[in-house]
Amino acid sequence: LNTRQIRIAKNNREVSDLVFKAQVITTVSAIKDLYWDLVSYNENVRVQRDALVANERLLEDNKKQVAVGTLAPIEIVRAEAEIAAGQQAVTVAETQLLQQETILKNALSRTGVLSPAVASAHVILTDHIQIPDVEPIAPIQDMMATAESARPELAQLRILLQNQEIAIKGTRSELLPTLDVVGQLTNNGLSGQVGPSAGFNSFFIGGYGNVLTQLFARNFPTYSIALNLNVPLRNRAAQADMINGELVLRQQQLGLQRLQNQVRVDVQNAQIGLQQGRAQYQSAIKQRALQQQTVDAEQKKLAVGASTTYNVILTQRDLVTAESNEVTAQSAYAKARVEVERATGQTLNTNNISLEEAFKGVVSRPSSPIPATPPPPQQR
């Protein structure tokens, strides 16, 4: 009864640590999503620039064919119009990249873009989205078991259940009889002065010194002991607290079961999302490859006069769309991988993040060296 509040306070401190851990996981997952968005926007800039270069090359080819009289002059106008549209697309892609860079810098920096150094700095991307040829397959039951043991939310509820059980145990004690044992020991002393005519014992003659001697020698001790038995008769207040505590315990047990079910659903959905992202990426690769073949064929037909500039422009637009879809699919896959890490509670382990360093706010390990040149993108 006397230590339950201390035990509950220790558990609550552990709950605070778990809340902090959950916040770190959420923050890391959000930053990774922002970073992969920045990577995809950077890839989109490359796609739009490549499309603009293709349009400029088409314009030069058209000028040559108009000069020799094999193509109508209007085709030059069409190619120039497509170049203007491509320049606008490049500008939009570049501004989207800058906006995403600002969002990421604001999330990573304490003061955000308020600092001139941060506002003027650019994020140099050193990673590209890498999709393995073969997806590592883990049994879904193993992933769920890992999530149930690693997710901090579940650990929080389990500790709260322990707190409630401790509280119920203390309340139950109030319904039991109480027996108090009280013991008392008293030492007495007696000393003073008497008249010459009175009979006396020299043991009692003296002052304060004689009294202290008698006390420490325990010449006149007094002992007493008492037993107090308290039997509660229908302690309605304690009974009501007991019933209320049991109801709260049952609600927390249901909440734990509900959260366990939700964690399993999160893991299942994350695994499905990963499979879906991989399927979309594979489909986008095929579409982009086929569309590239279509563009090449249409350009060859144009070279022999069997096609028009308009048809080439249409196929090039479709190719840009296919390449943009591939970039989007890459980003979706990367985010699906982040969600799998979060759902299974492995975000910190996968990213080699020390929770102790997060508590202190200081990274003691040396930073990874920045590569001289970013790694090449995944081969298409």
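Since we're looking at a predicted model, the values are computed, not measured.

Rules used in this analysis
Sequence order as written defines the numbering, with residues in each chain counted from 1. Residues qualify for local features only when their pLDDT is at least 70, as the model is predicted, and side-chain atom pairs are given and counted only at 80 or more; totals for whole chains, interfaces and linings, by contrast, use all residues. For the side-chain quantities, the full set of heavy atoms in the structure was used; hydrogens and water were omitted. Secondary structure elements follow DSSP: runs of H or I no shorter than four residues count as helices, runs of E no shorter than two count as strands, and numbering proceeds from the N terminus. Throughout, radius of gyration means the C-alpha value; the globule benchmark is 2.2 Å times the number of residues raised to the power 0.38. Throughout, a residue-residue contact means that at least one pair of heavy atoms, one from each residue, lies within 4.5 Å. For accessible areas, the Shrake-Rupley method is used with a probe of radius 1.4 Å. Any residue's cover is judged against the shown protein chains and nothing else. Asp and Glu are treated as the negative residues and Lys and Arg as the positive ones, with His and the ends of the chain left uncounted. Taken as the charge location is NZ of Lys, CZ of Arg, CG of Asp or CD of Glu. Like-charged residues are merged into a patch within 9 Å and nonpolar side chains (Val, Leu, Ile, Met, Phe, Trp, Tyr) within 5 Å, provided each residue has over 30% relative accessible area and no salt bridge. A pair is scored as a salt bridge if a Lys or Arg side-chain nitrogen falls within 4 Å of a carboxyl oxygen belonging to Asp or Glu. Buried, partly exposed and exposed residues are distinguished by accessible area as a fraction of the type maximum, computed with a 1.4 Å probe on protein chains only: under 20%, between the cut-offs, and over 50%, respectively. Two rings belonging to Phe, Tyr or Trp (six-membered ring only in the last case) form a pair when the distance between their centres is within 6.5 Å. Interplanar angles under 30 degrees mark stacking, angles over 60 mark edge-to-face geometry, and anything in between is tilted.

**Details of the overall build of the chain**
Tallying secondary structure elements over the chain gives 10 helices and two strands in all. Walking the chain from its N terminus toward its C terminus, one meets helices and strands in the order α-α-α-α-α-β-α-β-α-α-α-α. Taking 2.2 N^0.38 as the reference for a compact globule, 380 residues should give roughly 21 Å; the C-alpha atoms of the chain span a radius of gyration of 40 Å, well beyond that estimate. The principal-axis extents of the C-alpha atoms in the chain amount to approximately 160 × 50 × 35 Å. If you take every contact in the chain between residues at least 6 apart in sequence, the share linking residues at least 24 apart comes to 80%. When the accessible surface of the chain is totalled, it reaches about 23,700 Å², and 57% of it is carbon and sulfur. For the chain, the centre of its 36 positive side-chain charges and the centre of its 35 negative side-chain charges are spaced 8 Å apart.

**Details of a nonpolar patch on the surface**
A cluster of nonpolar side chains, contributed by Leu179, Val181, Ile225, Leu227, Leu229, Val231 and Leu233, occupies part of the molecular surface with about 820 Å² of accessible area. Considering every element that reaches the nonpolar patch, the biggest residue donor is strand β2 (residues 220–230), with three residues. Judged by its relative accessible area of 46%, Val231 falls in the partly exposed class.

**Regarding the environment of Gln239**
Structurally, Gln239 can be placed in helix α7 (residues 236–303). Taking C-alpha positions, Gln239 is 8.2 Å from Arg172, a pair spaced 67 residues apart along the chain. Sequence-distant contacts of Gln239, that is, excluding residues within four places in its chain, are made with Leu175 and Arg234.

**Quick look at the pattern of salt bridges**
Counting across every chain of the model gives 18 salt bridges. Put simply, Arg151 and Asp266 hold a salt bridge, and the shortest N to O gap is 3.6 Å. Of this pair, Arg151 sits in the loop between α4 (140–150) and α5 (152–174) while Asp266 sits in helix α7; the two residues are 115 residues apart in sequence, bridging distant segments of the chain. By relative accessible area, which is 15% here, Asp266 ends up buried. With a closest N to O distance of 3.5 Å, Lys360 and Glu356 form a salt bridge. Of this pair, Lys360 and Glu356 are both found in helix α10 (residues 355–360), four residues apart, which corresponds to roughly one turn of the helix.

**Points about the packing of aromatic side chains**
The geometry of an aromatic ring pair is captured by the separation of the ring centres together with the interplanar angle, meaning the angle of the planes. The final tally for this structure, using the stated rule, is two aromatic pairs. Where Phe20 meets Phe359, the ring centres are 4.5 Å apart and the plane angle is 15°; that geometry is what we call stacked. Highlighted residues: Phe20 in helix α1 (residues 4–67) and Phe359 in helix α10, separated in sequence by 339 residues. For Phe20, a relative accessible area of 25% puts it in the partly exposed group. Taking relative accessible area as the criterion, Phe359 reaches 42% and is therefore assigned partly exposed. With 5.4 Å between their ring centres and 70° between their planes, Tyr35 and Trp36 make a pair best called edge-to-face.

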